[in-house]
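Structure at a glance
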Amino acid sequence: MTTSTLISKPAEAVIPVIVNGVEITAEAIAAEAQHHPAKRPEVAWQAAARALAIREALLQRARALDLVAEPLTDAEGRPEAPDDSLIRVMLDVEVKTPEPDEASCRRYYDNNREKLRAPDLYEPAHILLQADRRDAPAFERALAEARTLLETLSEKPDLFARMARDRSDCVSATEGGRLGQVMRGQTTPAFEAVLAQMQAGAIHPEPVETPYGVHIIRLDHAVRGNIPEFAQARPLVEEFLRDASWRRAVSQFVSLVIGDAEVSGVDLKGAQSPLVQ
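Calculation rules
- Residues numbered from 1 in each chain as written.
- Predicted model: local features only at pLDDT ≥ 70, side-chain atom pairs only at ≥ 80, totals over all residues.
- Heavy atoms only, no water.
- Helix = DSSP H or I, 4+ residues; strand = E, 2+ residues; numbered from the N terminus.
- Rg over C-alpha atoms; globule rule 2.2 N^0.38 Å.
- Buried < 20%, exposed > 50% of the residue type's maximum accessible area, 1.4 Å probe, protein only.
- Contact = heavy atoms within 4.5 Å.
- Arc of directions from axis to C-beta.
- Pairing = 2+ DSSP bridges.
- Axes fitted to C-alpha atoms, helices over the stretch in contact; angles between N-to-C directions.
- Domains from an automatic or database assignment.
- Phe/Tyr/Trp six-rings, centres within 6.5 Å; stacked < 30°, edge-to-face > 60°.
- Lys NZ or Arg CZ within 6 Å of the ring centre and 35° of its normal.
- Parallel < 35°, antiparallel > 145°, perpendicular 65-115°, else oblique.
- Nonpolar A, V, L, I, M, F, W, Y, C, P; charged D, E, K, R; others polar.

Description of the overall build of the protein chain
- Regarding its fold elements, the protein chain presents eight helices and seven strands.
- For the protein chain, the C-alpha radius of gyration of 28 Å lies well beyond 19 Å, the compact-globule estimate for 277 residues.
- When the backbone C-alpha atoms are referred to their principal axes, the protein chain occupies close to 80 × 55 × 35 Å.
- For the protein chain, with 277 residues in total, the buried portion stands at 37%.
- When contacts within the protein chain are restricted to residue pairs at least 6 apart in sequence, those whose partners lie at least 24 apart make up 69%.

Structure follows, in structure tokens:
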């Protein structure tokens, strides 16, 4: 089975898609539809038709400018597709954006200080009682055992490492349950939420449930990420503002190209270029 037959042309899509007199074939739309997953084939078909219509309009504009494009290669030595390189060169020529100035960088910094904060760093340890939530009796046994262990730890917290070595189902058991340094996103959301509210040196008083089972968590050390000074953050702020400005400008340019084109067979009102999604 070829790629173009994986999503067939919807029965109701009988109107050909034409951009300035150039028809986009049903085979091309079917092939493109594989990159637009949707619950219904007709939705994927329409998304693919819009993407190809926009691409055709951009290519026609680029060719009209008589541009010459040299394909780039990626880190693995794979060459850029000729059409992609042509559109890239056209955007470099046609889309111009101002460089972020001191005032705009300062304004973004002042309004988004928390977004610029460095990730929090934790050094947790845990005891994992592995259990599948779909096996209700087994999960309840794990919870009951965790509560029993926590009762002991509330009186004898120094037993944590021994308990981890004897009972934890995690490979960290050999290290007394210590997980080393972890940052945001490196543990499950439930585990991370508990770390964020704990004080260093404490053992969480309740079992913590995650897809892996039931955890007893101790937080050995925590470092709250700092907000960098403006001078340190400015290169990152400039990069963000430069990228955001470019995306807006490309979106506007694509809208102008679409507006100038004669397109039938697909509705491009409010369509957004795949380049800026």
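Observations regarding helix α4 (residues 102-111)
- Turning to α4, its buried residues number three or more, namely Ser 104, Cys 105, Tyr 108 and Tyr 109. On an axial view of α4, the arc spanned by its buried residues comes to 135°, and they lie on one face. Residues of α4 that are exposed and point more than 90 degrees away from the buried face comprise Arg 107 and Asn 111.

Quick look at the sheet that holds strand β4 (residues 182-183)
- Read from one edge to the other, the open sheet built from four strands follows the order β4-β3-β6-β5, with strand pairing classed as antiparallel. Pairing within the sheet leaves two strands with one partner each, and these edge strands are β4 and β5 (208-210).
- Strands β3 (121-130), β5 and β6 (213-223) of the sheet are contacted by helix α5 (residues 136-155), whose axis makes an angle of about 40° with β6.

Some words on the domain arrangement of the protein chain
- As assigned here, the protein chain comprises domain 1 (17-99 + 235-264) and domain 2 (121-223).
- Between domain 1 and domain 2, the C-alpha centre-to-centre distance is 49 Å.

Describing the pairing of β6
- Here β3 pairs with β6 via ten bridges, running antiparallel. Each residue of the ladder has a partner; that of Gln 130, found in β6, is Gly 213.
- Sheet topology places β5 next to β6; three bridges connect them, and they run antiparallel. Within the sheet, the bridge partner assigned to Val 208 lies in β6 and is His 215.
- What sits between the antiparallel neighbours β5 and β6 is a turn of two residues.

Some points on the packing of aromatic side chains
- Scanning all chains against the criterion turns up two aromatic pairs.
- Both rings, one in Tyr 108 and one in Phe 240, keep their centres 4.9 Å apart while their planes meet at 35°; by these two values the pair is tilted. On the criterion of sequence distance, the pair formed by Tyr 108 in helix α4 and Phe 240 in helix α8 (residues 230-260) is long-range, its members being 132 residues apart.
- By relative accessible area, which is 16% here, Tyr 108 ends up buried.
- Here the aromatic rings of Tyr 109 and Phe 230 are separated by 5.4 Å at their centres, their planes lie at 75°, and the arrangement is edge-to-face. Separated by 121 residues along the polypeptide, Tyr 109 in helix α4 and Phe 230 in helix α8 bring together distant segments of the chain.
- Sitting over the ring of Phe 230, Arg 106 keeps its end group 3.9 Å from the ring centre.
- The ring of Phe 160 has Arg 218 lying over it, and the distance from NZ or CZ to the ring centre is 4.5 Å.

Some details on the packing of helix α2 (residues 41-64) against α8
- Where α2 meets α8, the closest approach of the two axes is 10 Å, and the angle between their N-to-C directions is 90°. Overall, the two elements α2 and α8 adopt an arrangement that is roughly perpendicular. Along its contact with α2, which presents Ile 54, Ala 57, Leu 58 and Arg 61, the element α8 presents Phe 253, Val 254, Val 257, Ile 258 and Asp 260.
- Split by residue class, the contact of α2 with α8 holds seven nonpolar, no polar and two charged.

Considerations on the pairing of β3
- Among the ten residues of β3, seven are classified as buried, and the element is accordingly described as predominantly covered.
- Two strands pair when backbone bridges link them, and β3 and β4 are joined in this way by two bridges, in the antiparallel orientation. When the bridges of β4 are listed, Tyr 122 appears paired with Val 182.

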